Structure formats: C-alpha cells, structure tokens
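# Analysis of the macromolecular model
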Amino acid sequence: MTILAILHYPDARLHTIAKPVADVNDDIRQLIDDMAETMYDAPGIGLAATQVNKHTQLILVDTSKDKSQLQVFINPKITAKSGEQDFDEGCLSVPNIYESVTRAENITVEALDRNGKKFSLNADGLLAVCIQHEMDHLLGKVFVEYLSPLKRNRIRAKMLKLARGYDER
Ligand code: GNR
Ligand code: NI
C-alpha cells in the first residue's frame, strides 16, 4: 500500500469534476486501499479521490471512534435529503481551518461497493456531513466555497503563504 499526496487548496486540480467509474476492477480496489491508508495516516474521517488527484467518483468515509468502519462509495448519488444541520468542518486539503457549514441533516445515498454491488444507505449527523463533504469534492467543490468571499480570500492567502514557506525551506 502507498500513502498518496493530498492536494492543498487553492490548487486548481481540486476543482476537477470526477468521472463515473465504468468498471469496479482491481485498479479501483488498489486505489481504494491506497486512499484508505492515506486517510488513516493523515488522519481524516473521509477522503475523496479528487484530493489525491484521481478524478473518478470514489469516496471513503470512516466516522467510527476506533477507525474500524471503512465505508466505500463508488459513483455515489444522493436520492433523498431532508432537514438542516450546522457543523464545524475541516478538510485535509485545507489544513488547520475549521468553519461552520450548513448541510442536510438526513440523506439517502446510493452507490456501488468495492465489489461493484449496488447498495443504499441512510445517514444523519456526522456521517451525513462527511458524505456530503466528500461528494462535493467529486464536483470540484471545497467547503471554503460555502464561506463569505472575505473569509475564503483570507484562507486562500494563508494557504499560499504557508505553501511558499515550505518551498523556500
Ligand atoms: O477529516 C475530515 N474531517 C471532517 C470534519 C468535519 C467535516 C468534514 C470532515 S472531512 C475531513 C477529511 C476530508 O477533507 N475529506 O474530504
Ligand atoms: Ni475535504
């Protein structure tokens, strides 16, 4: 297994729209395993293929306390949603920034699992937040795009300054 490099905002590649997975094959399963290792290493509770510069519709989530419940969603679709919740979100592509985002409280998701088998799942609370956050990545959307232009520009400037620091050292 391999730990993959995570793209950092404001990298234009984070705005790429992911393509559906046509065939759930061993290449996809290899990517799932590498992404899982990357997510647990980070550590994060979710990871979208977009964040590791792979532009296919694949997301991973593990919101369990002991990090033992990996959930894989290939070609995910939200088929129902209701309610609203505010949550302080973070993102591995925007390190050390936490801001409140409003999302649906309850969602129903349809997707394929790592064997290409279709399943449906109802989620609420943190799991629902995380799935919606990851699915946004597949659409090229980062959570800071829900913030005011002022906040977003401050975050962008901070990230650029940090990146410059790393390059010079
Ligand atoms: O690790 C993560 N934590 C998190 C916290 C609140 C809301 C969403 C998330 S997802 C994030 C990992 C990540 O960037 N996934 O894309
Ligand atoms: Ni993220």
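Described in the following lines is the structure provided in the data block. (Residues numbered from 1 in each chain as written. Chains lettered and ligands numbered in written order. Predicted model: local features only at pLDDT ≥ 70, side-chain atom pairs only at ≥ 80, totals over all residues. Heavy atoms only, no water.)

### Structural notes on the overall build of the protein
Selection rule: We count a stretch as a helix when DSSP gives it H or I for four or more residues in a row; a strand needs E for two or more, and each element gets its number in order from the N terminus. Two things to know: the radius of gyration comes from C-alpha atoms, and the globule rule equals 2.2 Å times the number of residues to the power 0.38. Accessible area is worked out with a 1.4 Å probe on protein chains only. A residue is then buried under 20% of its type maximum, exposed over 50%, and partly exposed in between. Residue contacts are counted whenever heavy atoms from the two residues lie within 4.5 Å of one another. Surface accessibility follows the Shrake-Rupley procedure with a 1.4 Å probe radius. Residue values consider only the protein chains on display as shielding. Counted as positive: Lys and Arg. Counted as negative: Asp and Glu, with His and the chain ends omitted from the count. A charged residue contributes its charge at one atom only: NZ of Lys, CZ of Arg, CG of Asp or CD of Glu.
Check the secondary structure of the protein and you find 3 helices and 7 strands. Against the globule reference of 15 Å for 169 residues, the protein gives a C-alpha radius of gyration of 16 Å, in line with a compact fold. For the protein, the C-alpha atoms occupy an extent of roughly 45 × 40 × 30 Å along the three principal directions. Burial statistics for the protein: of 169 residues in total, 43% are counted as buried. Considering only contacts in the protein between residues 6 or more positions apart, those separated by 24 or more positions represent 64%. When the accessible surface of the protein is split by element, carbon and sulfur atoms take 50% of a total near 9300 Å². Looking at charge distribution, the protein has the averaged site of its 21 positive side-chain charges lying 6 Å from that of its 24 negative ones.

### A short note on the sheet that holds strand β7 (residues 118-124)
This is how it is decided: In short, DSSP must find at least two bridges between two strands for them to pair. Axes here mean lines fitted to C-alpha atoms, for a helix over just the part in contact, with angles spanning 0 to 180 degrees between N-to-C directions.
Taken together, 5 strands build an open sheet; the order of strands is β1-β2-β3-β6-β7 and the sheet is antiparallel. At either end of the open sheet lies a strand with only one pairing partner, and these are β1 (46-48) and β7. Each strand axis lies, on average, 40 degrees off the axis of its neighbour in the sheet, ignoring direction. Pairing geometry for strand β3 (residues 71-82) and strand β6 (residues 106-112), over 6 bridges, is antiparallel. Residue Ile78 lies in a different strand from β6, and its bridge partner there is Val109. Helix-sheet contacts for helix α1 (residues 26-41) involve β1, β2 (58-61) and β3, and the interaxial angle to β2 is about 40 degrees.

### With respect to helix α2 (residues 125-138)
Rules: Expected helix span is given by 1.5 Å per residue-to-residue step, counting one fewer step than there are residues.
Compared with an ideal rise of 1.5 Å per residue, which puts 14 residues at 20 Å, α2 spans 21 Å between its outermost C-alpha atoms and is within 8% of the ideal. In terms of residue burial, α2 counts as a mostly covered element, since 13 of its 14 residues are buried. Positive phi appears at Gly140, one or two residues downstream of α2, with a value of about 80 degrees.

### Description of the coordination of the nickel ion (ligand 2)
Formally: The rule for donors is simple: N, O or S, within 2.8 Å of the metal, or within 3.2 Å if the metal is Na, K or Ca. Water isn't counted, so a site may look like it is missing partners.
Only Cys91 (SG), His133 (NE2) and His137 (NE2) from the protein coordinate the nickel ion (ligand 2), and they sit 2.1 to 2.3 Å from it. One chain supplies every donor to the nickel ion (ligand 2), and in sequence these donors are spaced C-x41-H-x3-H. Remark: His137 occurs in helix α2 and Cys91 occurs in strand β4 (residues 85-91); sequence separation between them is 46 residues. Each member of the pair, Cys91 together with His137, is buried.

### Some words on the pattern of salt bridges
The condition that has to hold: A pairing counts as a salt bridge when a side-chain nitrogen of Lys or Arg comes within 4 Å of a carboxyl oxygen of Asp or Glu.
Evaluated as defined, the whole model comprises 7 salt bridges. Between Glu110 and Lys118 there is a salt bridge, and its shortest N-O distance comes to 3.5 Å. Given the relative accessible area of 30%, Glu110 is considered partly exposed. Here Lys118 falls in the exposed class, since its relative accessible area comes to 57%. Each of Glu89, Arg103 and Asp136 takes part in a single network of salt bridges with overlapping partners.

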